[in-house]
Amino acid sequence: MRWTTEIFPAIGLFTIFGPLPDVHFQKPATTLKLPNAQGVFETHQSVHPVSVIMYKHDLVYLTEDASHDAAIEHINEEAFGPGRFTRAAARIREQGPHDLSLSFICTDNGETIASVRMTPVLAGTVKGHLLGPLAVRPSHKNKGIGRELVRIAVEAARRKGSEAVILVGDPPYYGPLGFEKVAYNALSFPGPVDPHRVLVVPIVEGVHERLKGTIAWRE
């Protein structure tokens with residue numbers, strides 16, 4: 001079965017429909033003793049078909065707005081716990097607001113189940129965006145939702161004229177999504193960070209050469 005994606009950029013709405021077919025199971029056979037025409041009891045087995053409708057995901061990707069704040073806070077708390085506030089990337093986000101126009105959520109049947117945010121930053125001389133936090137509720141992991149949110153956010157940043165999308169994350173996960181390693185210790189964060197996990201999607205030419213110095217929030 002193929003998943004289909006419909007994109008409506010004018011209203012910032014992205015939908016993915018994943019209808020799953022009904023699956024029919026059978027209960028174990030039931031043994032019955034029933035009399036025949038002569039009054040002699042004979043053994044019969046009956047099979048009862050049971051129709052089970054598998055869960056249908058109705059995933060909708062939306063541009064974030066203020067009404068999503070409480071749900072996003074819950075998702076991030078569930079995913080990262082209180083330690084999320086001590087991370088170097090979080091200290092950058094504390095310096096100013098994230099860009100709502102480049103931040104997205106995913107809902108399933110109306111429930112917010114995933115989120116990604118983008119914060120405008122100046123990294124060296126690169127005017128880019130810091131991606132994160134990215135979080136998906138445990139009930140919806142391993143369905144490609146996080147990757148789709150990243151894809152949508154990066155493409156939105158590209159359309160808006162961002163020079164790069166930067167994050168601190170695992171190269172095996174983000175590498176297939178277009179992220180490359182930043183030169184070792186090229187960027188100075190406001191807190192400890194593993195230099196091997198600083199990644200970037202360069203949108204314009206010459207980004208790697210200009211990613212040298214501090215990274216901080218920008219207007």
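All of these numbers come straight from a predicted model, not from anything done at the bench.

Participant: Can you help me understand the nonpolar core in this one?
Facilitator: In summary, soluble globular proteins display a tendency toward joint burial of nonpolar side chains. In this structure, Leu 131, Ile 145, Leu 149, Val 165 and Phe 179 are the most contacted members of the largest nonpolar core, which totals 27 residues. For this core, the secondary-structure elements that each account for two or more residues are β7 (57–63), β8 (104–108), β9 (111–123), β10 (126–136), α3 (145–160), β11 (164–168) and β14 (198–202). No other element matches α3, which puts eight residues into this core. Not counting the four nearest positions on each side in its chain, Leu 149 is found in contact with Tyr 61, Phe 104, Ile 105, Cys 106, Ala 114, Ser 115, Val 116 and Leu 134. Leu 130, Ala 186, Val 200 and Leu 211 belong to the second-largest nonpolar core, a separate cluster that totals 18 residues.

Participant: Would you mind going over the pairing of β8 with me for this structure?
Facilitator: Strand residues, when the strand is regular, have side chains that alternate between the two faces of the sheet. Where burial is concerned, most of β8 is hidden: five out of the five residues are buried. In β8, alternate side chains face the same way, and those of Phe 104, Cys 106 and Asp 108 on one face and Ile 105 and Thr 107 on the other are all buried. In this sheet, β8 lies alongside β7 in antiparallel orientation, the contact comprising five bridges. Across the sheet, Val 60 pairs through a bridge with Thr 107, a residue of β8. Note that β8 and β9 share five bridges and pair antiparallel. In the sheet register, Asp 108 faces β9, and the bridge partner there is Glu 111. Taking the residues between adjacent antiparallel strands as the criterion, β8 and β9 are bridged by two residues, where Asn 109 takes a positive phi near 55 degrees.

Participant: Please explain the pattern of salt bridges as it appears in this structure.
Facilitator: In a structure, side chains of opposite charge can pair up when their charged atoms sit close to one another. Under the definition given, this model contains nine salt bridges. Across the pair Lys 160 and Asp 99 runs a salt bridge, and its minimum N-O distance is 2.7 Å. Taken together, the residues span a long stretch of sequence, with Lys 160 in helix α3 and Asp 99 in the loop between α2 (88–93) and β8 at a distance of 61 residues. Residue classification places Lys 160 among the partly exposed residues on the basis of a relative accessible area of 49%. Between Glu 148 and Arg 151 there is a salt bridge, with its nearest N and O atoms 2.8 Å apart.

Participant: I would appreciate a short explanation of the environment of Glu 209 in the present structure.
Facilitator: Secondary-structure assignment places Glu 209 in helix α5 (residues 207–210). Residue classification places Glu 209 among the exposed positions, given a relative accessible area of 55%. Residues Glu 209 and Val 126, 83 residues apart in the sequence, show an inter-C-alpha distance of 9.6 Å.

Participant: Could you clarify how one ought to interpret α3 in this entry?
Facilitator: Along an α-helix, residues three or four apart share an orientation, since each turn contains 3.6 residues. Taking 1.5 Å of rise per residue, 16 residues should cover 22 Å, and α3 covers 23 Å from first to last C-alpha, within 8% of that figure. Those residues of α3 not exposed but buried are Ile 145, Gly 146, Glu 148, Leu 149, Val 150, Ile 152, Ala 153, Val 154, Ala 156 and Ala 157. Just past α3, the residue Gly 161 takes up positive phi, approximately 95 degrees.

Participant: In this structure, what is going on with the packing of aromatic side chains? I would like to understand it.
Facilitator: Given two aromatic rings, one states the distance between the centres and the angle between the planes to describe the pair. Tallying each qualifying case throughout the model produces two aromatic pairs. Ring plane angle 75 degrees and centroid distance 4.8 Å describe the contact between Tyr 173 and Tyr 174, whose orientation is recorded as edge-to-face. Accessibility expressed as a relative area gives 25% for Tyr 173, which makes it partly exposed. Given the relative accessible area of 12%, Tyr 174 is considered buried. Centroid distance Tyr 174 to Phe 179: 5.6 Å. Interplanar angle 75 degrees. Geometry classified as edge-to-face. Each member of the pair, Tyr 174 as well as Phe 179, is classed as buried.

Participant: Explain unusual backbone geometry here, please?
Facilitator: Note: most residues except glycine have negative phi, and most peptide bonds are trans. Here the amide bond leading from Gly 132 into Pro 133 is cis, since omega sits at -5 degrees, within 30 degrees of zero. By the element assignment, Pro 133 lies in strand β10. Residue Asn 109 is not a glycine yet carries a positive backbone phi of 55 degrees. Considering the arrangement of structural elements, one finds Asn 109 in the loop between β8 and β9. In this structure, Asn 185 is a non-glycine residue whose phi angle is positive, near 60 degrees. Position of Asn 185 relative to the elements: it lies in the loop between β12 (180–181) and β13 (187–188).

Conventions and cut-offs
- Residues numbered from 1 in each chain as written.
- Predicted model: local features only at pLDDT ≥ 70, side-chain atom pairs only at ≥ 80, totals over all residues.
- Heavy atoms only, no water.
- Core = buried A, V, L, I, M, F, W, Y, C linked by side-chain atoms within 4.5 Å.
- Buried < 20%, exposed > 50% of the residue type's maximum accessible area, 1.4 Å probe, protein only.
- Helix = DSSP H or I, 4+ residues; strand = E, 2+ residues; numbered from the N terminus.
- Contact = heavy atoms within 4.5 Å.
- Pairing = 2+ DSSP bridges.
- Salt bridge = Lys/Arg side-chain N within 4 Å of Asp/Glu carboxyl O.
- Expected span 1.5 Å × (residues − 1).
- Phe/Tyr/Trp six-rings, centres within 6.5 Å; stacked < 30°, edge-to-face > 60°.

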